[in-house]
Each structure stands twice: as C-alpha cells, then as structure tokens.
Amino acid sequence: MTQVTDTELDVGDDVVLLTVPADGGYLGVLRTATAGLAARLHFALDEIEDLRIAVDEACAMLLAIATRNAELECRFAVTDDALTVEVTVATVRGARLPSESSFAWKVLTALTTSAAAEANGRHATIRLLTRRTEF
C-alpha cells in the first residue's frame, strides 16, 4: 500500500493519493480515508456515511472488472466545500461498467452531488463529487 499526501495538482486543493490491492478486504481502508477527509471538511454525519457508501459501491463496480493482481488507485481532492473521489483500476479485456440506468448508478447519483465514469479498454475510472451542504 502506498500513500502520498498533499500533492499539489490544483492551486488551493489538497490531494491525497491512496493505492490498495484490488481486493474487497481493502475497501475498509478507502472507506476510512473517505470518512476522515469528509470530516475534515465538516460534512454532516449523514453526508459522511452517504459518501462512504458511494465509494464502497464505486469500488465494488470496479472490482468486478479488475485484472488479476490489480490495484485500486484512489485520488481524493479536497477543496473548501467539496470532496472529489476518483477511483481507477486496470480492467480485463472487454470489461464494461454497469449502465447509468443500473441500480448501482442510481445509488451513486443519489448519494453524491455527481458521479461519472470512463473506461478506455485498459483502465476504468469512477469519479464522485460531493459538496458540503451549507446550513
């Protein structure tokens, strides 16, 4: 497992990169990192839990199409009012993500501000954006 923190990609953003084996046993690490970063942004407890579930669902979608011995690369970008989580994995030949009308995508879009995916035949990426609710 490799961790690199505070890499400057965009001015004003904190970026955390976390890589774990593409194995369900390591998803707890990503859920914990997600919760910690969302708490840093002062997200409400419900928002933190929703984001944890969304990250778990996105990772489950990617694990289903990952190559053997692949790694999940997770990039967290923290801004003043939002957390973007981008998860990428090497995919098996011909792999396809579930359609945007699938239940899995309904979960992602219900739990986050926005969700998007891309696959190029060698890698697949799911990007989740959650903005903090202002009170």
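The paragraphs below set out a description of the structure included in this document. Computed from a prediction, not measured in an experiment: that's the story for all the values here.

Describing the overall build of the protein chain
Consideration 1: Along the protein chain, the regular secondary structure elements total three helices and six strands.
Consideration 2: Start at the N end of the protein chain and walk to the C end: the helices and strands fall as β-β-α-α-β-β-α-β-β.
Consideration 3: Taken over 135 residues, the protein chain has a buried fraction of 41%.
Consideration 4: Long-range contacts, defined as pairs at least 24 residues apart, comprise 61% of the intrachain contacts of the protein chain with a sequence gap of at least 6.
Consideration 5: Taken as a whole, the protein chain presents about 7,500 Å² of accessible surface, with 49% of it coming from carbon and sulfur.

Some details on the environment of Ala124
Consideration 1: When you line up the elements, Ala124 lands in strand 6 (residues 123–131).
Consideration 2: Overall, Ala124 belongs to the buried group, its relative accessible area being 0%.
Consideration 3: Residues Ala124 and Ala66, 58 residues apart in the sequence, show an inter-C-alpha distance of 8.6 Å.
Consideration 4: With residues up to four places along the chain from it excluded, the contact list for Ala124 reads Leu62, Ile65, Val87, Thr88, Val89, Thr91, Leu97, Glu118 and Ala119.

Here we look at helix 3 (residues 103–111)
Consideration 1: Residues of helix 3 that are buried: Ala104, Trp105, Val107, Leu108 and Leu111. Looking down the long axis of helix 3, one finds its buried residues gathered within 155° of arc, a one-sided arrangement. Away from the buried face of helix 3 by more than 90 degrees, exposed residues Phe103 and Ala110 are located.
Consideration 2: For helix 3, the elements touching its buried residues are helix 2 (45–63), strand 5 (114–119) and strand 6.

Structural notes on the packing of helix 2 against helix 3
Consideration 1: It is at 9 Å that the axes of helix 2 and helix 3 come closest, and there the two elements cross at 150°. The angle between helix 2 and helix 3 places the two elements in the roughly antiparallel class. The element helix 2 and its partner helix 3 pack so that their crossing is left-handed. Counted together, Asp50, Ile53, Ala54, Glu57, Ala58 and Met61 of helix 2 and Ala104, Trp105, Val107, Leu108 and Leu111 of helix 3 form the full contact between these two elements.

A few points about the pattern of salt bridges
Here the idea is simple: oppositely charged side chains can pair when their charged atoms come close.
Consideration 1: On inspection of all chains with the given rule, the structure shows six salt bridges.
Consideration 2: Here Arg131 makes a salt bridge to Asp81, at a shortest N to O gap of 3.5 Å. Linking Arg131 in strand 6 with Asp81 in the loop between strand 3 (71–78) and strand 4 (82–90), this pair joins segments that are 50 residues apart in sequence.
Consideration 3: Arg131 gets classed as partly exposed once you look at its relative accessible area, which sits at 42%.
Consideration 4: You can call Asp81 partly exposed: its relative accessible area is 31%.
Consideration 5: One salt bridge in this structure joins Arg127 and Glu86, with 2.7 Å as the shortest N-O distance.

Calculation criteria
Residues numbered from 1 in each chain as written. Predicted model: local features only at pLDDT ≥ 70, side-chain atom pairs only at ≥ 80, totals over all residues. Heavy atoms only, no water. Helix = DSSP H or I, 4+ residues; strand = E, 2+ residues; numbered from the N terminus. Buried < 20%, exposed > 50% of the residue type's maximum accessible area, 1.4 Å probe, protein only. Contact = heavy atoms within 4.5 Å. Areas by Shrake-Rupley, 256 points an atom, 1.4 Å probe, with all protein chains shown as cover. Arc of directions from axis to C-beta. Axes fitted to C-alpha atoms, helices over the stretch in contact; angles between N-to-C directions. Parallel < 35°, antiparallel > 145°, perpendicular 65-115°, else oblique. Left-handed = near helix turned anticlockwise from the far one by under 90°. Salt bridge = Lys/Arg side-chain N within 4 Å of Asp/Glu carboxyl O.

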